[in-house]
Number of protein chains: 2
Amino acid sequence: MINTLYLPELREMLAEGDRAGLCEFCEALHAARTAEFMEGLTAAEIWEVLQTTDAQTRVEIFRYLAEDLQEEILELGDPHSLSKLIADMPPDDRVDLLKRVDPRFVESMLPLMPAVERRDILRLTAYPEGTAGSVMTTEVARLSESLTVREALQELAQQTSDLETIYYVYLVDDENHLRGTVSARQLVTHLGKPETLLADLMERDLVTVLTTDDQEAVAEKVANYNFIAIPVVDHELHLVGIITHDDIIDVLQEEATEDAYRAGGVEPLERSYMSMPWFQLARHRAGWLAILFVAALGTTFSLKHYNQTIQQVAWLVWFLPLVISSGGNTGGQSATLIIRALTTKEITTADWWQILKRELYSGLLLGIFLGILGFAIGCLFLRLQPTHAMVIPMALVLVIVCSTQLGAMLPLLFQKAGLDPALMSNPFVSGISDITGIFIYISVAKLLIKDLW
Amino acid sequence: MINTLYLPELREMLAEGDRAGLCEFCEALHAARTAEFMEGLTAAEIWEVLQTTDAQTRVEIFRYLAEDLQEEILELGDPHSLSKLIADMPPDDRVDLLKRVDPRFVESMLPLMPAVERRDILRLTAYPEGTAGSVMTTEVARLSESLTVREALQELAQQTSDLETIYYVYLVDDENHLRGTVSARQLVTHLGKPETLLADLMERDLVTVLTTDDQEAVAEKVANYNFIAIPVVDHELHLVGIITHDDIIDVLQEEATEDAYRAGGVEPLERSYMSMPWFQLARHRAGWLAILFVAALGTTFSLKHYNQTIQQVAWLVWFLPLVISSGGNTGGQSATLIIRALTTKEITTADWWQILKRELYSGLLLGIFLGILGFAIGCLFLRLQPTHAMVIPMALVLVIVCSTQLGAMLPLLFQKAGLDPALMSNPFVSGISDITGIFIYISVAKLLIKDLW
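Residues numbered from 1 in each chain as written. Chains lettered and ligands numbered in written order. Predicted model: local features only at pLDDT ≥ 70, side-chain atom pairs only at ≥ 80, totals over all residues.

### Points about the domain arrangement of chain A
Moving on, step 1. The assigned domain composition of chain A is domain 1 (7-129), domain 2 (142-262) and domain 3 (278-452).
Moving on, step 2. Look at where the C-alpha atoms of domain 1 of chain A and domain 3 of chain A centre, and you get two points 53 Å apart. (Domains from an automatic or database assignment.)

The structure is reproduced here in structure tokens:
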């Protein structure tokens, strides 16, 4: 969505070369709002507006621009001023951006950057996507535990211009081993006793993550402990960075999107829906569709197998999609509930027996409920003999019980096997329960309808 | 999951009445970890352990206990010490808890609480679930803009023991109108110039939310602006509270769970999967299942309508589930993509024409792909005449194109009509595309197979 409120004024100021006006625009509002108001401009125009303000405001606004716009600006600006802009960005945002643009551009720009930033970029890009290392920032307030509150605050006052956050202060020894943390709140509370040593205030029970930890597990930990930031360490407990609350929110949203795609049988996209060419999008769908299609061939061959029965009792076909879709829907519900409960760590595979029982009862109740509906419709509207129509409720109960068990147990089996349980989502459970559904339905019919023998 | 590492030691200390040891256990670790280690104890045992430590640690640990345990403890503790515990909790957590327990207990305990807390509880419980008011906390650092940095820090040092967060300081006038914000970071940076007025530092471009705003919209705003906390105001811009980053993460997780349930055709649960009695769970599933069942009756009546055609060409039935499930799967994929893009505000209903085109191309390509597969299988494995087998690819292309359009357009229509687009999720799109699928499939068959005329 583009906010067009300020666009005419901005264009007019650009045409008139009103640098003072543009500078005022950049500084008057919160950077996120300024960025929002500029989204209707071209990348070149935005870059021109950003030139009018100071380096700090420029980088603040740039960080809030949409990803596409950031990339476009990098492609057209001159390398020198861009390398300055990128050097000023927070390390984690900077690396995210550089990963998205043309590697040749990155190569051409790296030599223009200060050595410290260059090394930082190279180190951070080395962490694989999805690990704690790939989302952390390396700008951390590091202090020695031998400082007093007064000294710490003085030190911080000098460091903060470079730091994304000072909500926690990390205490390290000479070799950068993490020893403890002190919160900004503790420092302020102890302003009245400025000679207190940090060592006396610090929390020694450290909750940390490793650079190699999965970002989803990190997000869970932060959510669980209500942290604003969590320190990232290596195997020797050296402090290498922190992950802040805003990155955690990004990770949670990314994971929610991925889970939603999985549940819908779509391979997670690397970019947003609209920014992806349609044939790339189709490719992300084709794989799962083909697998589901091949699985669905099972229904074709089973129906061919039961050809004679179907020919003898024509009305069996009429209820076929109803019976199998009811199985698919209940199975899909079970899979949804179990996958979500596994994701939120509410259940583990050890709970399988309890889950099996719960889903059995639910399946029975739901099956009887839909069975009564189906029986009534068969008798009243399709004028089937009640003895024949009994096939419908019996098949529904059995199909639904089987589907709830499949829907609940398959994600648990996948979890147990070390696979992502989300792979056993709706469409897959439906596909499998379609085949078992046909088998159950025709078997029940053969059992109850004497003409079929 | 219950961590049993410390359980034997805890039980032993409880049996021996070792208060000093229990007190040390409570204070040694981060409160979240202490809570985790106690989850295997009974509510009565936990309450006994908590009695050994000071009020502040007690409330910290209590906050991290699982919801069920918190409720059980409230049911058995004595009202006097419990009212003290509840008075010490952060206002937002306290109200969440009191909403979950027996209203009679709340009524019996309210008179025992200090008047300020009592009024606060009554005010917060009045906000409807899902609004900003219902998730905010009322403990805020409020200062006057006429203070200097030095005075502000002194004032904060006294206030902080009551405050959940001091990461922003909110500047209000005499009538509690919000005038601006200053971050803790700005205060620390200006320690060298302690006479600076807050009025000269404060951000005047305020980003606020109303008490009545939807919690999902609030979470998006905070995520978008990378805030740690956002002020909540009423229509006259009086500061009534703040919503902090940890509550935002809770809201995001709640909304992700709700969306996942909707996508699976389950009415969102008020409690977790395991803590809900199975028949209540079944009731949450029965409503949507019944609606889907009635919709699926459409397939029964259409198949009855086409009875003659189906009787004439037996193999048409064999491919029936395959054709309609392919439609359901592609339609479900489209719905998943569009609903997610609408949720993340990446598209709006105004983009419908572009979406329609993209889904048309995708549908054509995917239809042709699966059509070729289906044709090959029909000819090679089921030995159909190629002229007859052509029914399969033609039907697949048409069914899949229709399903992608349905899957993409129905959520957009729901959004346009002011309904939740997530209601048009996988099972619904599958249900509707089943019926259109049968119609298309049989029509194509009639057109291509001369014997059917």
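### Observations concerning the confidence of the model for chain A
Moving on, step 1. Averaged over all residues, the pLDDT of chain A equals 87, while 97% of them reach at least 70.
Moving on, step 2. What the predictor reports for the complex is a pTM of 0.82 with an ipTM of 0.80. (pLDDT = per-residue confidence, 0-100.)

### Brief notes about the sheet that holds strand 4 (residues 209-210) of chain B
All names here are of chain B.
Moving on, step 1. Strand order in this open sheet of 3 strands is 4-5-6, and the pairing throughout is mixed. A strand with exactly one partner marks an edge of an open sheet, and here the two such strands are strand 4 and strand 6 (239-244).
Moving on, step 2. Sheet analysis places strand 5 (residues 229-233) next to strand 6, joined by 5 bridges and oriented antiparallel. When the bridges of strand 6 are listed, P231 appears paired with I242.
Moving on, step 3. Contacts from helix 15 (residues 215-225) reach strand 4, strand 5 and strand 6 within the one sheet, and its direction differs from that of strand 5 by about 135°.
Moving on, step 4. Those strands touched by helix 16 (residues 245-263) are strand 5 and strand 6, and its axis lies near 65° from that of strand 6. (Pairing = 2+ DSSP bridges. Helix = DSSP H or I, 4+ residues; strand = E, 2+ residues; numbered from the N terminus. Contact = placed C-beta atoms within 7 Å. Axes fitted to C-alpha atoms, helices over the stretch in contact; angles between N-to-C directions.)

### As for the pairing of strand 3 (residues 178-183) of chain B
Strand residues, when the strand is regular, have side chains that alternate between the two faces of the sheet.
All names here are of chain B.
Moving on, step 1. Relative to strand 3, strand 2 (residues 168-172) runs antiparallel, the two being bridged by 5 bridges. From the neighbouring strand, Y168 faces strand 3, where its bridge partner is S183.
Moving on, step 2. Hairpin remark: strand 2 followed by strand 3, antiparallel, with 5 residues in the connecting loop; positive phi at N176, about 70°.

### A closer look at the pairing of strand 2 of chain B
All names here are of chain B.
Moving on, step 1. With 4 of its 5 residues buried, strand 2 lies for the most part within the structure.
Moving on, step 2. Bridge count for strand 1 (residues 142-143) against strand 2 is 2 bridges, and the pairing is parallel. Among the inter-strand pairings, L143 is bridged to a residue of strand 2, identified as L171. (Buried ≥ 20, exposed ≤ 12 C-beta atoms within 10 Å, placed from the backbone.)

### Let's talk about the interface of chain A and chain B
Moving on, step 1. With 100 residues of chain A at the contact, the number on the chain B side is 99 residues.
Moving on, step 2. Here the side of chain A that touches chain B takes 17 residues from helix 19 (residues 315-343) of chain A, the largest share from any one element.
Moving on, step 3. Within the side of chain A that touches chain B, the residues separate by chemical class into 58 nonpolar, 29 polar and 13 charged. (Nonpolar A, V, L, I, M, F, W, Y, C, P; charged D, E, K, R; others polar.)

### Here we look at the sheet that holds strand 1 of chain B
Moving on, step 1. Taken in spatial order, the 3 strands of this open sheet run 1-2-3 (chain B), and their pairing is mixed. The sheet terminates laterally at strand 1 and strand 3 of chain B, the two strands that pair on one side only.

### Some remarks on the nonpolar core
Moving on, step 1. Membership of the largest hydrophobic core comes to 206 residues, with the highest contact counts inside it found for I243, A395 and Y441 of chain A together with I243, A395 and Y441 of chain B.
Moving on, step 2. Not counting the four nearest positions on each side in its chain, I243 of chain A is found in contact with A132, V135, M136, V218, A229, I230, V232 and I248 of chain A. (Core = buried A, V, L, I, M, F, W, Y, C linked by C-beta atoms within 7 Å.)

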